[in-house]
Amino acid sequence: MRLETGGLIDRSQTVGFSFDGKRYQGHAGDTLASALLANDVRLVGRSFKYHRPRGIFSAGPEEPNALVEIGSGARRTPNTRATVQELYAGLQAESQNRWPSLRVDALAVNDLFGPVLGAGFYYKTFMWPAAFWEKVYEPLIRRAAGLGRLSGRPDPDLYDAAFAHCDLLVIGSGPAGLMAALTAGRAGARVILADEDFRLGGRLLAERMHVGGETAADWAGQAMAELASLPNVTLLPRTTVFGAYDSGSYAALERVTDHLAAPAEGCARETLWRIASKRAVLASGAIERPIAFPGNDRPGVMLAGALRSYLNRFAVAPGTRIAVFTCTDDGWRSAADAEAAGLDVTLIDTRREAGPDRAAFSGEAIMGREVGGTSGRLGLKALRLTFGPRIAADCLAVSGGWNPTLHLTSHQGAKPVWSDEIAAFVPADAHIPGLRVAGAAAGMFSTHAALAGGAAAAQAALADLDMACQPAATPQAEDTPGSLTPFWHVGADGPAFIDQQNDVTVKDLTIARDEAFTRAEHFKRYTTLGMATDQGKTGNVLGLAIMGELTSRAPGEVGTTTFRPPYTPVTLAAFAGRHRGRAFQPIRHTPSHKASEEMNASWLEAGLWLRPGWFPRAGETTWRQSCDRETGYVRGSVGVADVTTLGKIDIQGPDAGAFLDRLYTGTFSTLKPGRVKYGLMLREDGFVFDDGTTACLAPGHYLMTTTTANAVNVMRHMEFCHQCLWPGLDLRFASVTEHWAQFAVAGPKARTLLAEIVTDDITDDALPFMGVMPVTLGGVAGRLFRISFSGELAYEIAVPTRWGDGLFRALVARAEALGGGAYGMEALNVLRVEKGHVTGAELHGRTTGFDCGFAKMMSSKKDYIGKAMAGRPGLLEDREQLVGLRPAEGTQKIAAGAKLITRGTAARATNDQGYVTSVCFSPTLASMIGLGFVKNGRDRMGEILSIADPVRNAAGHVEICSPHFVDPAGERLYG
């Protein structure tokens, strides 16, 4: 079916490919759809509901039928539009939604039951008996649902994210888009021109017309060459701008290697672009709409504009006997092009008289008639008129008018408006700020109007940016927009399809009307109109107009459904980019990571960080042995731990103290330089958000520390508070977590160790408990904090990160000389449980400051976030309170997560008294201990409760005690 001459394909390059296991050949420049048509393959798929035979319907992204699986194995990609897929050597394509084969599909039996499977069938039928739904109906429906198949394997391809900024983003490369890009590019503006096609030029590539004395395709080629030569212009072919967002932000998907047989190693398959544009021009053209008539879904029925594309761009005849069914002048243009290609053409026009394009077509024209049906089991063989003879045809091209591709203009809620002049919806006057619409997307269908509109839109956009722009001369081109008499459907017997992929018919809309589903959003969901992969690009306006006829309303009164991104399907992996597998949640290493590896550390994940859990020594066979030893370092000598992972936020400014007062429950504005204070932060609902220390380094200069897990959340919370709640406060803050390496040095010999490292006076007088001071370590400036998480004499020393590895090695070496050493997270957990310190296990989002025993830290003299809500009676009375727990039966084990119930009662909700949050074996006490929350627990010291742990099949009893197991008086803090 390949024409002997013409087209924009490269006939010198023959490309082999396969479809359903059979080998075919095409040429470079073909799409899969054009190559299949060139090989006279018309049957390409089956419809979703009735499994009716389906063929190629369009030549662009609006394709509802020609959906295939591309590739094999893990690289198999379902629901690929054959009209968009560029042909390459070795391409493997398979039809989908059929079994056992495309020509013989067992589920085509659904078509026989079509008369009773109309809209609402599932809603009405599968309601009874109710018990059947879960075990019978739902499994059967799910098994039959879907189109293509996922491979079930991890996607081996790479996906990238990219960012771009420009003065003008031009969306679409038809006549309007090219003129807009040329106008702005010549003016020196930074321009990005994006188009979903692999060859830029839009409809100019599919027409026989002339522009500026050249053929349309040649003029487009010259324009593209000029744009490619301009250093300020970026061309993005194979790129679909699929979403318009706030502040001039647009999302686009570039298909980088889908057209290559063997992509380069490491090259991304697709790139997700985030484009920040000062102004934009939408020149996305228009999508042709069909006419609904019985049998309008057979392979061989296609849009009239698609016929021109295959003839003029791809040099392919979709049939040998062509019929054109139209109500527009544009249909005559398709008939004329088919006739010029030497094909036998019959034209049927619903109108009595045709427009000026009548002279271009000399074949048989049947006026004032309608197509009433078609015949042909797996492909069109003939059609019949409502009143008239049977006409032999293997291709029927249909044109019911054109709908502007205005989707992006509605992505922020603007509703399009109906235009009687073109019988289609056009963009609303107020839509996306900074976006202008030109050409067919604005309802201007003549080539001259599109060229002029694109140039004018670019000039106006640059004028907004105060950029000088010389008006460009508009090339000479046809200026006949054409006329039409709206015609939506043929009133004849038989199923007339509106949404071909989902098998939605005119009858379905009639049922929806009869059952009062007449609003656009309602009958869309009742009939599934426009809910397929094409999102109703060819069927929605047709369906809206038919519903208007059925309810005596104009299409504008029926309105449209909501337009949402993405405009066309986007691969889910493109949104993730390279953030998957190990890169999904990147692991961050502490400054001491290499040294810890050399010490054979066993690793644990803490948030995004990899931290040592314990450091095993020779002869130790369990982690508990290592943990007990490291705990003993801190209790008996000195231990060193890397605490760099704690969030660090530097806060500076005259109002820094006032800002902290509003964030924390305590007062920080009175904190003197050189002092540190423990703080509690609440959410607005009164529950604990985070805790940590904040040091005053100088007047108006503070350093806040947060928990490791909440570092990002606290920073985000602070930014919101400053920008939205208190923008008038004069301060700035920045995360400096990665700037400083910080190490805890804890134990009775901590000061002895540090005295060998720093050259400053660190006695009690110089650095009291909860103090901070600058120190010098061998010429390196650092900071020393006198704070303790273990309850022992302890410090935290910080130096710039680049010195972290060396400092850690020096600290550990000196600690080992003093009988201590490094300790990991397991020992750190034991130390904090022994002292009753809370972490994320207790601050899990459902506890208050009063629950945790922090009532004295919650100021009654000032306001702070969460204060009002924290004072609610429900958060003060009869609450579960933090307590210590120890076994009531000797060496009995306790498990975190276990429930606590009244002793001697059944394990049921009515006897629930609380739960266990943290447990450990304390080598100091030679016993299991734990923390938990018990109803009014602080008044129940000494009471025995039962453990209910059915998940681990554990039981036993615990005694409620003080959470401060070791040194409850706090004497060790002072050495």
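See the structure shown above.
Along each chain, residues carry numbers from 1 onward, in the same order as the chain's sequence is written. Reporting in this predicted model follows two pLDDT cut-offs: at least 70 for local features of residues, and 80 or more for side-chain atom pairs to be given and counted; totals over whole chains, interfaces and linings ignore these cut-offs and use all residues. Remark: hydrogens and water are excluded; side-chain values derive from all non-hydrogen atoms of the structure.

K.L.:
Please set out the overall build of the protein chain residue by residue, giving values where relevant.
P.N.:
Helix and strand labels come from DSSP, where a helix needs a run of H or I of at least four residues and a strand needs a run of E of at least two; each type is numbered from the N terminus. When its secondary structure is counted, the protein chain shows 21 helices and 50 strands. Within the protein chain, buried positions represent 56% of all 975 residues. Here the protein chain holds 99 positive side-chain charges and 102 negative ones, and the gap between their average locations is 4 Å. The cut-offs for exposure are 20% and 50% of the maximum accessible area for each residue type, with area from a 1.4 Å probe on protein chains only; residues under the lower value are buried, those over the upper are exposed, and the others partly exposed. Neither His nor the chain ends contribute to the count of charged residues, in which Lys and Arg are positive and Asp and Glu negative. A single reference atom marks each charge: NZ on Lys, CZ on Arg, CG on Asp, CD on Glu.

K.L.:
Describe the side chain of Asn 502, naming the residues involved and giving the relevant values.
P.N.:
Looking at where Asn 502 falls in the secondary structure, it is placed in the loop between strand 29 (497-499) and strand 30 (504-505). Contacts described as polar in this section are N or O atom pairs within 3.5 Å, which, within protein, must combine one atom able to donate a hydrogen with one able to accept it, while residues neighboring in sequence count only if both atoms come from side chains. A polar contact is formed between the side chain of Asn 502 and the backbone oxygen of Thr 528, at a distance of 3.0 Å. Those residues in contact with Asn 502 that sit more than four places away from it in its chain are Phe 48, Lys 49, Thr 528, Met 531 and Ala 532. Any pair of residues with heavy atoms lying within 4.5 Å of one another is described as a contacting pair.

K.L.:
Describe a nonpolar patch on the surface, and please don't skip the residues or the numbers.
P.N.:
Residues form patches when they are more than 30% accessible in relative terms and have no salt bridge. Like charges link within 9 Å. Nonpolar side chains (Val, Leu, Ile, Met, Phe, Trp, Tyr) link within 5 Å. Accessibility throughout is a Shrake-Rupley quantity obtained with a 1.4 Å probe, and a residue counts as covered only by protein chains that appear here. The salt bridge criterion pairs a side-chain nitrogen of Lys or Arg with a carboxyl oxygen of Asp or Glu, the two atoms within 4 Å. A cluster of nonpolar side chains, contributed by Val 109, Leu 112, Phe 113 and Val 116, occupies part of the molecular surface with about 410 Å² of accessible area. As for its placement among the helices and strands, Phe 113 is situated in the loop between strand 7 (91-94) and helix 2 (121-125). Judged by its relative accessible area of 48%, Phe 113 is partly exposed.

K.L.:
Lay out the sheet that holds strand 33 (residues 609-614) with the relevant residues and their values.
P.N.:
Spatially, three strands are ordered 31-33-32 in an open sheet, and the strand pairing comes out mixed. Both edges of this open sheet fall to strand 31 (588-589) and strand 32 (602-606), since each of them pairs with a single strand only. Any two strands between which DSSP finds at least two bridges are classified as paired. Here two bridges tie strand 31 to strand 33, and the two strands are oriented parallel to one another. Looking across to strand 33, one finds that Arg 588 is bridged to Trp 609.

K.L.:
Give a detailed account of the environment of Glu 630, specifying residues and quantitative values.
P.N.:
If you trace the backbone, Glu 630 turns up in helix 15 (residues 623-636). The buried category is assigned to Glu 630, whose relative accessible area is 0%. Along the primary structure Glu 630 and Leu 663 are separated by 33 residues, whereas in three dimensions their C-alpha atoms are 36 Å apart.

K.L.:
Describe the environment of Glu 816, and please don't skip the residues or the numbers.
P.N.:
The topology assignment puts Glu 816 in helix 19 (residues 804-817). Placed 178 residues apart in sequence, Glu 816 and Val 638 show a C-alpha to C-alpha distance of 8.4 Å. Dropping the residues within four chain positions of it, Glu 816 is found in contact with Arg 617 and Gly 821.

K.L.:
Outline the pattern of salt bridges, listing residues and values.
P.N.:
Evaluated as defined, the whole model comprises 48 salt bridges. Here Arg 98 makes a salt bridge to Asp 20, at a shortest N to O gap of 3.4 Å. Residue Arg 98 is found in the loop between strand 7 and helix 2, and its partner Asp 20 is found in the loop between strand 1 (10-19) and strand 2 (22-28); the two are separated by 78 residues along the sequence. Relative accessible area serves as the criterion here: at 31%, Asp 20 is assigned to the partly exposed category. The shortest N-O distance in the salt bridge between Arg 578 and Asp 160 comes to 2.5 Å. Highlighted residues: Arg 578 in the loop between helix 13 (572-576) and strand 31 and Asp 160 in strand 8 (residues 159-171), separated in sequence by 418 residues. A cluster of three or more residues bridged by salt bridges with shared partners is formed by Arg 203, Glu 207, Arg 308, Asp 330 and Arg 333.

K.L.:
Summarise the sheet that holds strand 39 (residues 732-735); cite the residues concerned and give the values.
P.N.:
The five strands lie next to each other as 36-37-38-35-39, forming an open sheet whose pairing is antiparallel. Since the sheet does not close on itself, it has two edges, and those belong to strand 36 (675-682) and strand 39, each with one partner. Strand-to-strand twist of the sheet, defined as the mean angle between neighbouring strand axes without regard to direction, takes the value 25°. With four bridges connecting them, strand 35 (residues 647-652) and strand 39 associate as antiparallel partners. When the bridges of strand 39 are listed, Ile 651 appears paired with Phe 733. Strand contacts of helix 16 (residues 656-663): strand 35, strand 36, strand 37 (688-698), strand 38 (701-706) and strand 39, with the helix running at about 30° to strand 38, the strand carrying the most contacts. Those strands touched by helix 17 (residues 711-725) are strand 35, strand 36, strand 37, strand 38 and strand 39, and its axis lies near 160° from that of strand 39. To obtain an axis, a line is fitted to C-alpha atoms, over the contacting stretch when the element is a helix, and the angle between two such axes runs from 0 to 180 degrees between their N-to-C directions.

K.L.:
An account of the packing of helix 4 (residues 175-186) against helix 8 (residues 447-464) is requested, with residue identities and associated values reported.
P.N.:
Between helix 4 and helix 8, the least distance of the axes is 7 Å, while the angle of their chain directions is 35°. Of the two possible hands of crossing, helix 4 and helix 8 adopt the one that is right-handed. Of the residues in helix 8, those touching helix 4 at Pro 175, Ala 176, Met 179, Ala 180, Thr 183 and Ala 184 are Thr 447, Ala 450, Leu 451, Gly 454, Ala 455, Ala 458, Gln 459 and Leu 462. Think of it as three bins: nonpolar holds Ala, Val, Leu, Ile, Met, Phe, Trp, Tyr, Cys and Pro, charged holds Asp, Glu, Lys and Arg, and polar takes everything else, Gly as well. Of the residues that constitute the contact of helix 4 with helix 8, the class distribution is ten nonpolar, four polar and no charged. It is the rotation of the near helix from the far one that decides the hand of a crossing: anticlockwise by less than a right angle makes it left-handed, clockwise makes it right-handed.

K.L.:
With reference to specific residues and values, describe the nonpolar core.
P.N.:
In this description, a nonpolar core means a group of buried Ala, Val, Leu, Ile, Met, Phe, Trp, Tyr and Cys residues linked to one another through side-chain atoms lying within 4.5 Å. Ranked by size, the top nonpolar core spans 68 residues in total, and within it Phe 19, Leu 32, Phe 293, Tyr 310, Phe 325, Leu 383 and Leu 396 carry the most contacts. Considering each element in turn, this core owes the most residues, six residues, to helix 1 (residues 32-38). Among the nonpolar cores identified, the runner-up in size contains 36 residues, and Leu 178, Leu 182, Leu 204 and Ala 283 belong to it.

K.L.:
Give me the packing of aromatic side chains: which residues, what numbers.
P.N.:
Between the rings of Phe, Tyr and Trp (Trp by its six-membered ring), a pair exists once the centres lie within 6.5 Å; its type follows the angle of the planes, with under 30 degrees stacked, over 60 edge-to-face, and the other angles tilted. Using the criterion set out here, one finds 17 aromatic pairs in the structure. Relative to Phe 314, the ring of Tyr 310 has its centre 5.9 Å away and its plane inclined at 40°; by these criteria the two rings are tilted. By the burial criterion, Tyr 310 is buried, and Phe 314 matches it. Measuring from centroid to centroid gives 6.1 Å for Tyr 678 and Phe 854, while their planes differ by 65°, and the two rings are edge-to-face. Of the two residues, Tyr 678 is situated in strand 36 and Phe 854 in the loop between helix 20 (825-835) and helix 21 (867-870); the sequence distance between them amounts to 176 residues.

K.L.:
Tell me about helix 10 (residues 520-527), and name the residues and values.
P.N.:
Within helix 10, burial applies to Ala 520, Phe 523, Lys 524, Tyr 526 and Thr 527. Residues of helix 10 that are buried sit in contact with helix 2, strand 30, helix 9 (506-514), helix 11 (540-550) and helix 12 (555-558). Following helix 10 by one or two positions, Thr 528 has its phi on the positive side, about 70°.

K.L.:
I'd like to hear about the environment of Val 371, residue by residue, with values.
P.N.:
Considering the arrangement of structural elements, one finds Val 371 in strand 21 (residues 371-375). Remark: the alpha-carbon pair of Val 371 and Gly 213, spanning 158 residues in sequence, is separated by 39 Å. With residues near it in sequence (within four places) discarded, Val 371 still touches Phe 293, Phe 325, Leu 383, Arg 384, Leu 385, Thr 386, Leu 396 and Val 490.

K.L.:
Describe in detail the packing of helix 6 (residues 304-312) against helix 7 (residues 329-340), supporting the description with residues and values.
P.N.:
Helix 7 packs onto helix 6 with a crossing angle of 30° between their chain directions and a minimal axis gap of 9 Å. The orientation of helix 6 with respect to helix 7, classified from their angle, is roughly parallel. Like other packed secondary-structure pairs, helix 6 and helix 7 cross with a definite hand, here left-handed. Here Ala 304, Gly 305, Leu 307, Arg 308, Leu 311 and Asn 312 of helix 6 come into contact with helix 7, specifically with Asp 330, Arg 333, Ser 334, Asp 337 and Ala 338. Note on terminology: angles under 35 degrees are roughly parallel, angles over 145 are roughly antiparallel, angles of 65 to 115 are roughly perpendicular, and the others are oblique.

K.L.:
Give me the pairing of strand 5 (residues 67-70): which residues, what numbers.
P.N.:
The two faces of strand 5 match: Leu 67 and Glu 69 on one face and Val 68 and Ile 70 on the other face are all buried. In the sheet, strand 5 pairs with strand 6 (residues 77-81) via three bridges, with the strands oriented antiparallel. The residue of strand 6 that forms the bridge with Ile 70 is Thr 77. Here strand 5 pairs with strand 7 via two bridges, running antiparallel. Across the sheet, Ile 70 pairs through a bridge with Ala 93, a residue of strand 7.

K.L.:
Which residues make up unusual backbone geometry, and what are the values?
P.N.:
The omega torsion across Trp 99 and Pro 100 is 5°, close enough to zero to call that bond cis. As for its position among the elements, Pro 100 is in the loop between strand 7 and helix 2. Geometrically, the link from Pro 565 to Pro 566 is a cis peptide bond, its omega value of 0° lying close to zero. Here Pro 566 lies in the loop between helix 12 and helix 13. One non-glycine residue, Ala 926, adopts positive backbone phi at about 55°. If you trace the backbone, Ala 926 turns up in the loop between strand 47 (912-922) and strand 48 (927-935). Ala 926 gets classed as exposed once you look at its relative accessible area, which sits at 59%.

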